[in-house]
Amino acid sequence: MTPWPEEQLDSVTLCPLCHAPERTVLHEGLTDRIFFSAPGRWTLYRCTRCHCAYLDPIPNQASIALAYQNYYTHGAEPSGTSWLGRLKQSLLNDYFNAHYGSSLSPHSPLGRWLIPLLPLLKNKADMQVRHLPCSPQTPKVLADIGCGNGDFLALAAHLGWDAWGTDMDPQAVEFARRRGTKVHCSGLPDTGLPAHHFDYVTLSHVIEHVPDPRATLREMCRILKPGGRLWVATPNLDSFGHERFGHHWRGLEPPRHLVLFTQATLSQLFKEQGFTHLTVHLPELPSRWLYQSSHRIEQGKDPYDPQAGSLPLPLFLQSLLADLRVMFQTPERSEFLTISAQSPER
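Here's a quick rundown of the structure. Model, not experiment: these values are computed from the prediction.

Throughout the structure, instances matching the rule amount to 16 salt bridges. Between Lys122 and Asp126 there is a salt bridge, with its nearest N and O atoms 3.0 Å apart. A residue pair is termed a helical-turn pair when its members lie 3 or 4 positions apart in one helix, as Lys122 and Asp126 do in helix H3 (residues 119-128) at four residues. Between Glu219 and Arg222 there is a salt bridge; the shortest N-O distance is 2.8 Å. Residue Glu219 and its partner Arg222 are both found in helix H6 (residues 213-223); the two are separated by three residues, about one turn of the helix. In this structure Glu219 comes out as buried when scored by relative accessible area, which is 8%.

Right under this line is the structure:
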């Protein structure tokens, strides 16, 4: 294994969230077994005070792009969705059209009636629109930080929002702009976006990639209108999948994931930055995909290789049980955390 250049590493001696020095080793000798692009071996520590986890050392800002050279594409999503997938989306589109006054197609006229009766599909619908409030009475402004190819921006625009985005990847920014969205090429914590301008801001699987989550949330406070809402999704360190697979868990993703959260640590971070009215949303239930990816990593295979084999029946049953437990018993053990909160009133 080629080491990461030592002169391009930054030491992390204090917890990025609570600044405590006390910690224990959670996983060591971690390597990039997902995109196979980042050199080096990595150590993940767990803070004994707030119980988040963080890498030490981490790539510095001048070299971090090395970890993303084979990162998944920011271009168009692959075509070839199954008939079942197309049916689900047509039902979802009709549900969105009824609730947001949009005109998405294709749509099935049954969606607006069936979705509320089917908890899993309703949960999928709510997650797809990131829990946006329905039908704004006046045009409202949204920002998606780390917007990638602009899929969510395009959907939000169809739902009546003035949608803005940011991303560090110039190719992603160019692709999103070609779809007619307003996208800036910028990173965190300095987004370059106007102050107190946005009613709703989303960070979907972004906050785990930044070395200073506290500074990131301060920036979200700056760009949100007083009383605006922030929505965050991120891997859950306390998930059943992490408990089962340990250092093979897909959610670790070293060295791109710099800080990993529990529900308690992420909630506390929101509160410390002045956010109120926290809502912990039940996320989609991706355990089967996480278990399959983690199982392939455990076997030394590419987690995205379609020829790597399907999930063995015992693990499929474990993933199903994990989802049932998350739905009805322990939602804080889901694979992903999804939390929204209101920005401080000034």
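Alright, that's what it looks like, and here's the rest.
In contact at an axis separation of 10 Å, H6 and helix H8 (residues 263-272) are set at 50 degrees when each is read in the N-to-C sense. When the axes of H6 and H8 are compared, the pair comes out oblique. The hand of the H6/H8 crossing is right-handed. Residues Pro213, Arg214 and Leu217 of H6 pack against Leu269, Phe270 and Glu272 of H8.

We now examine the nonpolar core. In this structure, Val201, Leu230, Leu266, Phe270 and Phe275 are the most contacted members of the largest nonpolar core, which totals 59 residues. In contact with Leu266, other than residues within four places in its own chain, are Ile207, Val232, Thr234, Phe261, Leu337 and Ile339. Tyr100, Cys147, Phe152 and Tyr200 belong to the second-largest nonpolar core, a separate cluster that totals 27 residues.

What counts and how
Residues numbered from 1 in each chain as written. Predicted model: local features only at pLDDT ≥ 70, side-chain atom pairs only at ≥ 80, totals over all residues. Heavy atoms only, no water. Salt bridge = Lys/Arg side-chain N within 4 Å of Asp/Glu carboxyl O. Helix = DSSP H or I, 4+ residues; strand = E, 2+ residues; numbered from the N terminus. Buried < 20%, exposed > 50% of the residue type's maximum accessible area, 1.4 Å probe, protein only. Axes fitted to C-alpha atoms, helices over the stretch in contact; angles between N-to-C directions. Parallel < 35°, antiparallel > 145°, perpendicular 65-115°, else oblique. Left-handed = near helix turned anticlockwise from the far one by under 90°. Contact = heavy atoms within 4.5 Å. Core = buried A, V, L, I, M, F, W, Y, C linked by side-chain atoms within 4.5 Å.

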